[in-house]
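Overview (structure and organization)
Chain residues, written in single-letter form:
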Amino acid sequence: MVEAPPLHVARPEPGFALVTLASPATRNSLSRRMIAALDRSIAELSQDPSVSAIVIAAEGRAFSAGHDLKELTRHRADADGGRAFYTETMQACARLMQAIVRCPKPVIAAVEGVATAAGCQLVATCDLAVAATTATFATPGVNIGLFCSTPMVALSRNVSRKRAMEMLLLGELLSAEDAERYGLVNRVVPLERVRDEAFAMARTIASKSPVTVAIGKEAFYRQVEQPLGEAYAYAASVMVENMMAQDAAEGIGAFLEKRPPAWKGS
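In this report, the structure presented in the accompanying data block is examined. (Residues numbered from 1 in each chain as written. Predicted model: local features only at pLDDT ≥ 70, side-chain atom pairs only at ≥ 80, totals over all residues. Heavy atoms only, no water.)

A short note on the pattern of salt bridges
All told, the structure shown has 12 salt bridges when counted by the stated rule. Here Arg32 and Glu88 are joined by a salt bridge, their closest N and O atoms 3.6 Å apart. Here Glu88 lies in helix α3 (residues 83-102) and Arg32 lies in helix α1 (residues 32-46), a separation of 56 residues in the sequence. The class for Arg32 is partly exposed, based on a relative accessible area of 27%. Residue Arg259 is joined to Glu257 by a salt bridge in which the shortest nitrogen-to-oxygen separation is 2.7 Å. Bridged by salt links that share partners, the residues Arg187, Arg193 and Glu197 form one connected network. (Salt bridge = Lys/Arg side-chain N within 4 Å of Asp/Glu carboxyl O. Helix = DSSP H or I, 4+ residues; strand = E, 2+ residues; numbered from the N terminus. Buried < 20%, exposed > 50% of the residue type's maximum accessible area, 1.4 Å probe, protein only.)

This is the structure we're talking about:
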């Protein structure tokens, strides 16, 4: 029997793609199969010139419950107690998260259910996030003796240190409203509006110059890790290169001439 794919990719309208995690029976856990499929989809969409933004959503009541604990537990029976499998899984997940950050297209999480552990990490890693009023978030590994160390990387880069430590040490569920207040998500809307709101964001991004968006996204993540002086020096050099692009000339010209820009993508 052929297994159903763990996710599917759709084009709701021109300009952006929708990647839907489609394993509700496992609460869309980030199994090795799911990680590989998501990594592959991000790589393919990164290279697609017709895609300006990517929305990640999920089927069922969970956005993602994180790593598949049943899969991890099965490998305790391996000769090495599971060490090799655990190492490969964590490295694969880390590569996926970094691929999302490096993707030249903004990635938007549309969170309609619970997002825990590595599922919360996925939300934190996405460039933007919209959550349903009923969505919840947690890094609950501390409750089962497995600290959420890799989710901590994305979490601590998106919320304040005190908030990140609170989530990591207490392991409690966080409401969507608190997630917005902490800076984990951008907007909270009624459940039935989550995808529409994410699509609206994607639509707006798709109206911009794709080369400018790609330059800006890369520059954001590089400068945020740099000391202030280095960040300004780097950002200044990026602006100079951006000014040399055809889309910058077109955009500035269109603004001065009070007309819509016609992006050239270069």
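A few points about the environment of Leu146
In this structure, Leu146 sits in the loop between β8 (136-138) and α5 (149-156). A relative accessible area of 48% places Leu146 in the partly exposed class. C-alpha of Leu146 to C-alpha of Val9: the two residues are 137 residues apart in sequence and 32 Å apart in space.

Some thoughts on the packing of aromatic side chains
Taken as a whole, this structure holds 2 aromatic pairs when the rule is applied. Taking the centre distance of 5.2 Å and the plane angle of 40° together, the rings of Phe16 and Phe199 count as tilted. You can see Phe16 sitting in strand β2 (residues 15-21) and its partner Phe199 sitting in helix α8 (residues 194-206), a full 183 residues away along the chain. When its relative accessible area of 1% is taken as the criterion, Phe16 is described as buried. (Phe/Tyr/Trp six-rings, centres within 6.5 Å; stacked < 30°, edge-to-face > 60°.)

Points about the side chain of Ser209
Among the secondary structure elements, Ser209 is positioned in the loop between α8 and α9 (210-223). Taking the relative accessible area as the measure of exposure, Ser209 reaches 3% and is therefore buried. A distance of 3.0 Å separates polar atoms of two side chains, one belonging to Ser209 and the other to Thr212. Engagement of the side chain of Ser209 in a polar contact is seen with the side chain of Asp247, the distance being 2.5 Å. (Polar contact = N/O pair within 3.5 Å; in protein donor to acceptor, adjacent residues only side chain to side chain.)

Remarks on the pairing of strand β3 (residues 51-58)
Remark: a regular strand shows side chains that alternate across the two faces of the sheet. Here β3 lies mainly inside the structure; 8 of its 8 residues are buried. Where β2 and β3 come together, 7 bridges link them in parallel fashion. Looking across to β3, one finds that Leu18 is bridged to Val55. In this fold, β2 hands off to α1, which returns the chain to β3; that crossover is right-handed. Bridging between β3 and strand β5 (residues 107-111) involves 3 bridges; their strand directions are parallel. When the sheet's bridge partners are listed, Ile56 is paired in β5 with Ala109. (Pairing = 2+ DSSP bridges. Right-handed = clockwise from strand over helix to strand, strands pointing away.)

Let's talk about the side chain of Asn242
Looking at the secondary structure, you find Asn242 in helix α10 (residues 228-243). In this structure Asn242 comes out as buried when scored by relative accessible area, which is 18%. Not counting residues up to four positions away in its chain, the partners in contact with Asn242 are Thr212, Ile215 and Ala248. (Contact = heavy atoms within 4.5 Å.)

Description of unusual backbone geometry
Most peptide bonds take the trans configuration, and most residues that are not glycine carry a negative phi. Unusually for a residue other than glycine, Arg27 sits at a positive phi of about 60°. Looking at the element boundaries, Arg27 is found in the loop between β2 and α1. A positive phi angle, close to 55°, is found at Lys258, a residue other than glycine. Mapped onto the elements of the fold, Lys258 is located in the segment after α11 (246-256). Judged by relative accessible area, Lys258 falls into the exposed class, the value being 77%.

Comments concerning α8
Between its first and last C-alpha atoms α8 spans 18 Å; for 13 residues at 1.5 Å apiece the expected length is 18 Å, and the two agree. Burial in α8 covers these residues: Val194, Glu197, Ala198, Phe199, Met201, Ala202 and Ile205. (Expected span 1.5 Å × (residues − 1).)

A word on the sheet that holds β5
Taking strand neighbours across the sheet as the criterion, the 6 strands line up as β1-β2-β3-β5-β7-β10 in an open arrangement whose pairing is mixed. Looking at which strands have only one partner, the edges of the open sheet turn out to be β1 (7-13) and β10 (187-189). Taking the axes of each pair of neighbouring strands and ignoring which way they run, one obtains an average angle of 25° across the sheet. Across 5 bridges, β1 lies against β2 in antiparallel orientation. Looking at β2, one finds that Val9 is bridged to Val19. Here α1 sits on the sheet and contacts β1, β2 and β3; the angle it forms with β1, its principal contact strand, is near 35°. (Axes fitted to C-alpha atoms, helices over the stretch in contact; angles between N-to-C directions.)

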